[in-house]
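Analysis of the macromolecular model
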Amino acid sequence: MINRILKLLNSRELNVLRNYYSEGTIFGPLNLERKETRHSSFLGWFFNPKTNRTLGTAPLEALLRLVATKIDTGNVDIKPLIAKLISGNYTMEIIEDVTCEKCTGAINGNNDKDRIDIWTVLKIVYAVGDDNIKEFIVPLAIENKIYSNESDGQTTKYAQAMNCYGEQCFPIGILLSPEGNKAQSLAFVSISYQELLDYVIEPLVDNVAESQRLWVESYIRNLSVTINSDSSYTILAVSKKERELVDNFFDLDSDLINAVFVSQFTETNAVKIIGKECYDRAMALVNEDSEKLFANVWSVNEELFKTAIFVYHRPKISEFYNIFKASNRSDVKYKVYDKDGNAVHLSDFFGKPIVLNFWASWCGPCQSEMPDFNEKYAELGGDVHFVMVNMTD
């Protein structure tokens, strides 16, 4: 086991992955790595043909294509438009420039103070047959939510503002979030950051001007985490490069990496992340001696292993972060034994309230309180676990 650990920890694959996660991005010196506004700032630039230089309207076209795949085509009238958006067989004109923090009052002509994260208005023109030309005004609103949920009626208010452009108006709202959370308004489609990266941003990276490549690559890296990220930072999306590096690392010894992970967490929580089959193979490597070694390996490499586990097994983001709450950590370090020599963990008693008492036969107060424990056990033993730990006998 020690040789397997040494081979893993001294591997080129681990060092390459560690270096990847250790590299900073341009958002660090700007103190923007943890701020939700960095997404609006970047995406506002990325979708704006006036600022993204060589990309032109390609990012907007890719975004509309993704959105079109999510729109309910039950409405016969919009089927031709959806088909055009997916195929790209149309022309686009920017009616209102892409802006960030657009005030809904400026759209409605009233005193509303709500602000839309990213806003633009497009004209979509396409041909139906040889002579019929169709035009649609498309108000496009993007609201991004990472560390908070949509406030009450937020997208509904935005949808009302989007409908101020006449009968030939086809408003499109996008709620952007880590898991593609559903919006309150039916006018908004839900898109995850992973979908945005996979279908809009990464396919266009090679088209970015060389002078702006660092800006785009930094944003892509910033959608994941670095080793120095604080524990509250959310993995929003994983790039192709990161997946490749993590896959290379797991190819070395996936069972061992999983064993380090499962040794630190309860079975229920570990299975939620890596699945029962992987869990069983990993647990075959866990014993009393290896637990201590695995605990030390995890302690030194926790952030890297945690992120790699997520990238490789790809659980739901919310479930992943719930597992890593301190209350869900395994209690293997606090193992005791019953009178028959069987290992006992605190987690064995989860599901009911637990009264944990440490005592010793030479302790006078311990002896005097035992009748009280016996009385309460007789009264509540079916609803409460009483765990009595002998300290020295």
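Quick note: structure is the one above.
Computed from a prediction, not measured in an experiment: that's the story for all the values here. (Residues numbered from 1 in each chain as written. Predicted model: local features only at pLDDT ≥ 70, side-chain atom pairs only at ≥ 80, totals over all residues. Heavy atoms only, no water.)

**Thoughts on the pattern of salt bridges**
Stated formally: The salt bridge criterion pairs a side-chain nitrogen of Lys or Arg with a carboxyl oxygen of Asp or Glu, the two atoms within 4 Å. Runs of E in the DSSP output that reach at least two residues are strands. Runs of H or I that reach at least four are helices, and both are numbered from the N terminus. Relative accessibility decides the category of a residue: with a 1.4 Å probe and only protein chains considered, values under 20% of the type maximum give buried, values over 50% give exposed, and everything between is partly exposed.
A full pass over the atoms with the stated rule returns 13 salt bridges. Taking the shortest distance from any N to any O, the salt bridge between Glu-195 and Lys-70 comes out at 2.9 Å. Here Glu-195 is found in helix α8 (residues 193-201), whereas its partner Lys-70 is found in the loop between α4 (58-68) and α5 (79-87), with 125 residues between them in sequence. Here Glu-195 falls in the partly exposed class, since its relative accessible area comes to 21%. Two residues, Lys-145 and Glu-143, come together in a salt bridge whose shortest N-O distance is 3.5 Å. Lys-145 gets classed as buried once you look at its relative accessible area, which sits at 12%.

**With respect to the pairing of strand β5 (residues 188-192)**
In terms of burial, β5 is a largely internal element, 5 of the 5 residues being buried. Every second residue of β5 is oriented toward a common face, with Phe-188, Ser-190 and Ser-192 on one face and Val-189 and Ile-191 on the other, all of them buried.

**Observations concerning the state of the cysteines**
Simply put, disulfide is the name for a covalent bond between the sulfur atoms of two cysteines. Rules: Here, the term disulfide refers to a pair of cysteine sulfur atoms separated by no more than 2.5 Å.
Taken as a whole and judged by the stated rule, the model has 1 disulfide. Each sulfur in the disulfide pair Cys-363 and Cys-366 lies 2.5 Å from the other. What sets the handedness of the Cys-363 and Cys-366 disulfide is the S-S torsion sign, and at about 75° it is right-handed. Note on Cys-363: relative accessible area 17%, which makes it buried. Since its relative accessible area comes to 8%, Cys-366 is described here as buried. Here Cys-100 is not cross-linked by a disulfide; its sulfur's nearest cysteine counterpart is in Cys-103, at 14 Å.

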